[in-house]
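A structural walkthrough
Spelled out from the first residue to the last, the chains are:
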Amino acid sequence: MSETTQTVSVRCNHCGAPLQVGGAARFLTCSHCGSQLEVKHAGGAVYTEVLQAIDQRTERIERDVAHLKRQNAVEQLDREWDMRRQDLLVANKDGSRTVPSSVGGVVGGVVAVIFGIAWMSITAGIGAPAIFPLFGLLFIGAGLFGAISQVGKASAYEQEEADYRQRRAALLRQDEAAGPLR
């Protein structure tokens, strides 16, 4: 007798009712409870599994995988921001790195401009050769350049940090909207 014509007795995995299954059948519907079943063959054993349960497990696995992907996206974003943040930090004289500050840049620029003006006034007032008061212009120029540069760095840092926080919040909202894991 061939396997396709041979029938096998199994029980419905949902209600326990006895069923007769053709040897080649892979799916059937229980005539007692209406559950859709998959016929499983493992070695010499034949049994059924409720397809709805398989669908539910598959959906749960899909949700879990999507959650893991969103978590990985947040972690990847965090790593990228940390690397970018290191590029945007400014080095201090002692080698430490800090967040650039617009206020610090403006204060530094004002101090350099005041020093340059004072330098020019003092050197011109004591009758120094004309070249010495011109060094005051260098101080003023360096102060203005430093202030503009520092303000630009601070602005870039603030903008990129705001973009990072916005993207991170959006990813976390997506994860919350997907619901809790079960």
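First, a word on what this report is: a plain description of the structure on this page. Please read all numbers here as calculations on a predicted model, not as lab measurements.

Conventions adopted
- Residues numbered from 1 in each chain as written.
- Predicted model: local features only at pLDDT ≥ 70, side-chain atom pairs only at ≥ 80, totals over all residues.
- Heavy atoms only, no water.
- Salt bridge = Lys/Arg side-chain N within 4 Å of Asp/Glu carboxyl O.
- Helix = DSSP H or I, 4+ residues; strand = E, 2+ residues; numbered from the N terminus.
- Buried < 20%, exposed > 50% of the residue type's maximum accessible area, 1.4 Å probe, protein only.
- Patch = residues over 30% accessible without salt bridge, like charges linked within 9 Å, V, L, I, M, F, W, Y side chains within 5 Å.
- Areas by Shrake-Rupley, 256 points an atom, 1.4 Å probe, with all protein chains shown as cover.
- Axes fitted to C-alpha atoms, helices over the stretch in contact; angles between N-to-C directions.
- Parallel < 35°, antiparallel > 145°, perpendicular 65-115°, else oblique.
- Nonpolar A, V, L, I, M, F, W, Y, C, P; charged D, E, K, R; others polar.
- Pairing = 2+ DSSP bridges.
- Contact = heavy atoms within 4.5 Å.
- Core = buried A, V, L, I, M, F, W, Y, C linked by side-chain atoms within 4.5 Å.

Before going further, it helps to spend a moment on the pattern of salt bridges. Here the structure, examined in full by the defined rule, presents six salt bridges. Among the salt bridges present, the one from Glu38 reaches Arg26, with a minimum N-O distance of 3.7 Å. On the criterion of sequence distance, the pair formed by Glu38 in strand β4 (residues 36-42) and Arg26 in the loop between β2 (18-22) and β3 (27-29) is long-range, its members being twelve residues apart. Exposure remark for Glu38: the relative accessible area of 13% places this residue in the buried category. Among the residues examined, Arg26 registers a relative accessible area of 51% and is labelled exposed. The salt bridge partner of Glu38 is Lys40, with a shortest N-O separation of 3.8 Å.

On the surface, Phe115, Ile131, Phe132, Leu134, Phe135, Leu137, Leu138 and Phe139 cluster together into a nonpolar patch covering about 750 Å² of accessible area. With seven residues, the top contributor of residues to the nonpolar patch is helix α3 (residues 131-177). Counting through the fold element by element, Phe115 comes out in helix α2 (residues 102-125).

Think of two packed helices as two axes; the pair is described by the angle between the axes and how far apart they sit. The interhelical angle for the contact between α2 and α3, taken along N-to-C directions, is 175°, at an axis separation of 8 Å. Our classification of the angle between α2 and α3 gives roughly antiparallel. The class makeup of the residues in the contact of α2 with α3 is 18 nonpolar, eight polar and no charged.

Next up on the list: the sheet that holds β3. Taking strand neighbours across the sheet as the criterion, the three strands line up as β3-β4-β5 in an open arrangement whose pairing is antiparallel. Where the open sheet ends on each side, the last strands, each with one partner, are β3 and β5 (45-50). Each strand axis lies, on average, 35° off the axis of its neighbour in the sheet, ignoring direction. Across three bridges, the pairing between β3 and β4 is antiparallel. Looking across to β4, one finds that Leu28 is bridged to Leu37.

A few words on the environment of Cys30. With respect to the element layout, Cys30 can be found in the loop between β3 and β4. Looking at Cys30, the relative accessible area reads 4%, which means it is buried. For the pair Cys30 and Cys12, spaced 18 residues apart in sequence, the C-alpha separation works out to 6.5 Å. With sequence-adjacent residues up to four places away left out, Cys30 is seen in contact with Cys12, Cys15, Ala17, Leu19, Ser35 and Leu37.

The subject of this paragraph is the nonpolar core. If you look at the biggest cluster of nonpolar residues, it comprises ten residues: Val10, Cys12, Ala17, Leu19, Val21, Leu28, Cys30, Leu37, Val39 and Val50. Only β2 and β4 provide two or more residues apiece to this core. Formed by eight residues, the second largest nonpolar core is a distinct cluster that contains Leu77, Trp81, Tyr164 and Leu171.

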